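Read off the chains here:
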Amino acid sequence: SQLIHLHIHMLFPTRFPGEVLRRMHGGALVFTALGLVNGRDDDALARLQLAALRRKYYQWATTRPMACFTARILADYLGLEPMALKSDPPHPQEVLVPADRLIDTLLRVWRDPDADALTPHLLAICDLHTHHAYTGANSHLREFSNAMWTRVPIAALLVFKLRAMLGLASPTVDHPLMDSVLGTLPGSTKPVPDPLLERARARMGQDG
């Protein structure tokens, strides 16, 4: 579905010269992280999403710390220009836990060869996740207000995955989110070809 959205946005100026479609949702970045965590060591979709961000295909209407973190750490991992994204609104409400300082700190240390150096920062990012996996009053201010991501610590899992791809060990994080199968990094999987997806991919290649 993410590839379809990207394809639509890429082709939009062909039909409407000079216009840019901005209908991509910030939550797509978190699904990109999940795909990387669950799939092969393939960063192609991550590169496409970051390019879409730079082309301003995204609408960023609400606070999205995990999406912001995903974009920034993927840009850092891929050696691309840093993403100038901030999650906290200029005037945050009292119910919001400041996210940017936690994200900035974790981004500074995520490549540290000493796995234990990451532990307090991963604990903080997991706590931030629980704050945003919320469906009560003012849930519209939170990133995960629809219960889809309540128990999936996607930021910590993405750090684990990228460190594994770099040959670095990751720490054991003693947090309730990490104490389930949803908080465990899946093993590597082999791709299973799908004829429908292959035809879609071939058409996208044909379209450039």
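Attention in this report is confined to the structure presented alongside it. On a predicted model such as this, the values are computed, not experimentally measured, just so you know. (Residues numbered from 1 in each chain as written. Predicted model: local features only at pLDDT ≥ 70, side-chain atom pairs only at ≥ 80, totals over all residues. Heavy atoms only, no water.)

Remarks on the overall build of the protein
Basically, it comes down to this: Put simply, DSSP H or I for four residues or longer makes a helix, DSSP E for two residues or longer makes a strand, and each gets a number counted from the N terminus. When we talk radius of gyration, it's over C-alpha atoms, and the globule rule is simply 2.2 Å times the number of residues to the 0.38.
Looking only at helices and strands, one finds eight helices and two strands in the protein. Counting from the amino terminus, the protein carries its helices and strands in the arrangement α-β-α-α-β-α-α-α-α-α. At 18 Å, the protein has a C-alpha radius of gyration in line with the 17 Å of a compact globule built from 208 residues. Seen through its principal axes, the protein has C-alpha atoms that stretch 50 × 40 × 30 Å.

Let's talk about helix H5 (residues 100–109)
So the rule is basically this: Here's how the labels work: a residue is buried when its accessible area is under 20% of the maximum for its type, exposed when over 50%, partly exposed in between, all with a 1.4 Å probe on protein chains only. Every residue pair with non-hydrogen atoms within 4.5 Å of one another is taken to be in contact.
Burial analysis of H5 places seven of its 10 residues in the buried class, which makes it a mostly covered element. Buried residues of H5: Asp-100, Leu-102, Ile-103, Asp-104, Leu-106, Leu-107 and Val-109, and no others. Contacts from the buried residues of H5 go to helix H4 (65–78), helix H6 (119–132) and helix H7 (154–165).

What about H7?
To keep things clear, this is the line we draw: Helix span is expected to be 1.5 Å times the residue number reduced by one.
The terminal C-alpha atoms of H7, which comprises 12 residues, lie 16 Å apart, in line with the 16 Å expected from a rise of 1.5 Å per residue. H7 sits mainly inside the fold: 10 of its 12 residues count as buried. Residues Ile-154, Ala-155, Ala-156, Leu-157, Leu-158, Val-159, Phe-160, Lys-161, Leu-162 and Arg-163 constitute the buried set of H7.

Quick word on the environment of Gly-27
Relative to the helices and strands, Gly-27 resides in helix H2 (residues 27–38). Owing to a relative accessible area of 14%, Gly-27 belongs among the buried residues under this scheme. Taking the C-alpha atoms as reference points, Gly-27 and His-7, separated by 20 residues in sequence, lie 17 Å from one another.

Observations concerning the side chain of His-7
Note on placement: His-7 falls in helix H1 (residues 2–15). On the basis of relative accessibility, which here comes to 16%, the residue His-7 falls in the buried class. Once residues within four sequence positions are removed from consideration, His-7 is found in contact with Met-204 and Asp-207.

Some remarks on the packing of H4 against H5
Definition in use: Helix axes use the C-alpha atoms of the stretch in contact, all axes being lines fitted to C-alpha atoms, and the angles between their N-to-C directions lie in the range 0 to 180 degrees. Note that the term roughly parallel is reserved for angles under 35 degrees, roughly antiparallel for angles over 145, roughly perpendicular for angles of 65 to 115, and oblique for everything else. Take the far helix as your reference; a near helix turned counterclockwise from it by less than a right angle gives a left-handed crossing, and one turned clockwise gives a right-handed crossing.
Running from N to C, H4 and H5 point in directions that differ by 25°, and their axes come no closer than 11 Å. Comparing their axes, H5 and H4 come out roughly parallel. Seen along the crossing, H4 lies across H5 with a hand that is right-handed. On the side of H4, the interface is formed by Pro-65, Phe-69, Arg-72 and Ile-73, while H5 contributes Ile-103, Asp-104, Leu-106 and Leu-107.

Topic: the environment of Asp-43
With respect to the element layout, Asp-43 can be found in the loop between H2 and helix H3 (44–54). The sequence separation of Asp-43 and Tyr-77 amounts to 34 residues, and the corresponding C-alpha distance is 9.8 Å.

Overview of the state of the cysteines
So the rule is basically this: A pair of cysteine sulfur atoms is labelled a disulfide when the two atoms are within 2.5 Å.
Tallied over the entire structure, the rule returns zero disulfides. No disulfide involves Cys-68; its sulfur sits 17 Å from that of Cys-126, the nearest cysteine. Exposure remark for Cys-68: the relative accessible area of 0% places this residue in the buried category.

Some points on the packing of aromatic side chains
Condition: Each Phe, Tyr or Trp ring (for Trp, its six-membered ring) is paired with any other whose centre lies within 6.5 Å, and the angle between the two planes then decides the class: stacked below 30 degrees, edge-to-face above 60, tilted in between.
Here the structure, examined in full by the defined rule, presents three aromatic pairs. Taking the centre distance of 4.8 Å and the plane angle of 35° together, the rings of Phe-12 and Phe-16 count as tilted.

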